[in-house]
Amino acid sequence: MAEYDYDLFVIGGGSGGVRAARMAAQTGARVALAEESRLGGTCVIRGCVPKKLMVFASQGAAQISDAQAFGWEARAGDFDWARFHPRLREELDRLEGVYRKLLDGSEVEIFDSRAVIADPHTVRLDDDGTVSAKHILVAVGGYPVRPEIENADLGLVSDDMFLLEELPKSLLIVGGGYIACEFACIMRNLGVEVTIYARGAQILKGFDDEARGLLSEAMKQCGIDVHTGTTLTEMCRAEDAPSGPRPTGSDATMGAPAGDDEAAATDAPGPDPKATGPIWTQASNGVEKVFDHVLFATGRRASTDGMGLEEAGVTLQRNGSIVVDAYSQTNVPSIYAIGDVTDRVPLTPVAIREGMAFVDTVFKGEPTPVDHALIPSAVFTQPELGTVGMTEDEAAEQGPIEVYATSFRPMNKAFIDSHSRVLMKLVVCAETRRVLGCHIVAPDAGELIQMIGVAIKMGATKEDFDRTCAVHPTISEEMMTMRAPARTT
Ligand code: NDP
């Protein structure tokens, strides 16, 4: 009789956990997976996938307006969220079904239940008692957090944005990162009045400064009210506002002294996203405004609370994420962790690669460290921001560099006299000539950066770009034709 019920028990049915479970099962291992919510996890159910579908939906008005300018008789009406939303739900149901089928097809046993670690080889399931496993893989991801401000539970988080029964007229987004900027563009382009309060001097900290600047301008041009260096200091239901209810919308601004009430940080459940009700807010600059909704896009935290990890001896970081080595192994040899719960690079494709490297290491006997270098990624704003490698500032800290950059109006935008600009930028090591970083702000920058990522991962030099023939007429050909550096440092 086998020593354990399973060779592998995976906790968490997101992209990383599902891939690891399937790949391990294909080696002949006996594998089970528990998911307390919906298979597919953050990416499929409340992240990348529904977000991207909302991006597609939100592009309609601009496409129609461009078409008009090109000569089409076309007119955009209002966006009908009530038509889009049920289709979105259906699509997510379909994808969840695909994930279940994939697991079934790989003979992974699925437990639709919360699972916690009872000891290094035992998992406790909500309804099914305990099971034992030779290896446990924790792939439970993370959850969005609200800042420490009184009444923060009145604000929405990204999960809630996919559950809205109707579009708000006005939305305040707190935060200036990926999620803040993506939802700002989506909502604005769906017709919502959007305001951003970002506490930093510029949005998208960590990205290339030039790209951040151009994107911020583009967001302002499309009507997003971006306030940097600004935080939310107070919020409450409009009817409870210090001097009575206020009208919603942009004309509801008034000056007032800032308050300093703060309460405990909260990952407490937020409001029912279906229940709309105006929220009175006060910003650090004293401005008071009422919004239909406030969205907190202020970062995420690993879902390790109550998981039994510390009791089993697993070391966590101060932010709750799990400490792992290059093979995703924790300090407890039978327990591994992958994906956002480890707070390495919180992106879906990275979690998937970590899952596959884990399977190679543990089930195929091929120790495989995870390669986290030169990961291309995109922010799905409008226009998109695609990036791979170092920013100009990061590269300059390491030694002499050359910067090749060009910003221009693409031909389709120039034709219709639109002000939209794109940015193409290469950061090159002056000594080795290797391209250290590439940054693109343009429509479909996510698609472009994926391809350029291959060249940069292979160690392409600036001269490799130069000797690659341009595809004409395209936006990306400019990347091959930048002859003189814009600056050297
Ligand atoms: P980010 O870390 O990108 O952004 C968090 C933002 O919230 C920052 O602007 C931060 O400011 C601000 N912030 C944090 N705490 C507070 C506070 N108490 N008060 C006010 N502002 C605050 O997190 P996101 O939640 O946007 O995204 C999480 C991760 O998910 C990303 O890092 C990314 O890896 C992943 N993701 C990827 C996407 C993609 O690939 N397209 C899309 C969405 C998410 P400051 O910068 O000053 O610290």
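Residues numbered from 1 in each chain as written. Predicted model: local features only at pLDDT ≥ 70, side-chain atom pairs only at ≥ 80, totals over all residues. Heavy atoms only, no water.

1. Side note on the side chain of Glu392
Consideration 1: Mapped onto the fold, Glu392 is located in helix H10 (residues 392–398).
Consideration 2: Among the polar contacts made by the side chain of Glu392, one reaches the side chain of Lys425 at a distance of 2.7 Å.
Consideration 3: Within the structure, the side chain of Glu392 is placed 2.8 Å from the side chain of Arg487, a separation counted as a polar contact.
Consideration 4: Apart from the residues within four sequence positions on either side, Glu392 is in contact with Asp208, Glu210, Ile401, Val403, Lys425, Val427, His439 and Arg487. (Helix = DSSP H or I, 4+ residues; strand = E, 2+ residues; numbered from the N terminus. Polar contact = N/O pair within 3.5 Å; in protein donor to acceptor, adjacent residues only side chain to side chain. Contact = heavy atoms within 4.5 Å.)

2. A closer look at the nonpolar core
Consideration 1: Among the nonpolar cores identified, the biggest contains 41 residues, and Ile173, Met187 and Met219 are the most heavily contacted of them.
Consideration 2: At the level of secondary structure, the elements contributing two or more residues to this core comprise helix H3 (48–58), helix H5 (81–105), strand S8 (170–174), helix H7 (178–189), strand S9 (193–198), helix H8 (209–221) and strand S18 (377–379).
Consideration 3: No other element matches H7, which puts 7 residues into this core.
Consideration 4: Apart from the residues lying within four places of it in its own chain, the contact partners of Met219 are Cys181, Ala184, Cys185, Ile196, Ile203, Ile224 and Thr381. (Core = buried A, V, L, I, M, F, W, Y, C linked by side-chain atoms within 4.5 Å. Buried < 20%, exposed > 50% of the residue type's maximum accessible area, 1.4 Å probe, protein only.)

3. Description of the site of the ligand
Consideration 1: Inspection of the region around the ligand gives 18 residues, with Gly176, Ile179, Glu182, Arg199 and Ala378 positioned closest.
Consideration 2: In this structure, Gly177 approaches the ligand through a main-chain N or O atom, which is 3.3 Å from an oxygen atom.
Consideration 3: In the environment of the ligand, a nitrogen atom lies 2.8 Å from a nitrogen or oxygen atom belonging to the backbone of Ala378.
Consideration 4: Taken by itself the ligand offers 900 Å² of open surface, and the protein chains cover 75% of this.
Consideration 5: In terms of residue class, the shell around the ligand is made up of 8 nonpolar, 5 polar and 5 charged. (Near = heavy atom within 4 Å. Areas by Shrake-Rupley, 256 points an atom, 1.4 Å probe, with all protein chains shown as cover. Nonpolar A, V, L, I, M, F, W, Y, C, P; charged D, E, K, R; others polar.)

4. Considerations on the packing of helix H1 (residues 15–26) against H5
What describes two packed helices is the angle between their axes and the distance between those same axes.
Consideration 1: One can describe the packing of H1 onto H5 by two numbers: an axis separation of 9 Å at closest approach and a directional angle of 25°. Relative to H5, H1 is oriented roughly parallel. Crossing of H1 against H5: the hand is left-handed. For the pair formed by H1 and H5, the contact residues are Ser15, Val18, Ala21 and Arg22 on the first element and Tyr99, Leu102 and Leu103 on the second. (Axes fitted to C-alpha atoms, helices over the stretch in contact; angles between N-to-C directions. Parallel < 35°, antiparallel > 145°, perpendicular 65-115°, else oblique. Left-handed = near helix turned anticlockwise from the far one by under 90°.)

5. Examining the sheet that holds S18
Consideration 1: As summarised here, the arrangement of the 6 strands in space is S18-S19-S22-S21-S20-S23, forming an open sheet in which the pairing is antiparallel. Edge strands, defined here as strands with exactly one partner in the open sheet, are S18 and strand S23 (487–488).
Consideration 2: Relative to strand S21 (residues 422–429), strand S20 (residues 401–408) runs antiparallel, the two sharing 8 bridges. Considered in S21, the bridge of Thr406 is made with Met424.
Consideration 3: Along the sheet face, H8 touches strand S19 (384–389), S20, S21, strand S22 (435–442) and S23 and points at about 175° away from the line of S21. (Pairing = 2+ DSSP bridges.)

6. Observations concerning the layout of surface pockets
Consideration 1: Approximately 1,200 Å³ is the volume found for the second largest pocket.
Consideration 2: The wall of the second largest pocket is formed by 40 residues, among which Ala62, Gln63, Asn189, Gln382 and Lys413 lie closest to the centre.
Consideration 3: Those elements that provide at least two residues to the lining of the second largest pocket are H3, helix H4 (60–70), H7, H8 and helix H11 (411–415).
Consideration 4: Broken down by element, the residue count for the lining of the second largest pocket peaks at 8 residues, all from H4. (1 Å grid on protein atoms, 1.4 Å probe; cavity = no way out; pocket = protein on both sides within 12 Å on 5 of 7 lines; lining within 4 Å. Points joined across faces, edges and corners; volume = space filled by probe spheres on them.)

7. Comments concerning the environment of Pro369
Consideration 1: Checked against the element boundaries, Pro369 lands in the loop between helix H9 (348–363) and S18.
Consideration 2: Separated by 32 residues in the primary sequence, Pro369 and Ala337 have C-alpha atoms spaced 13 Å apart.

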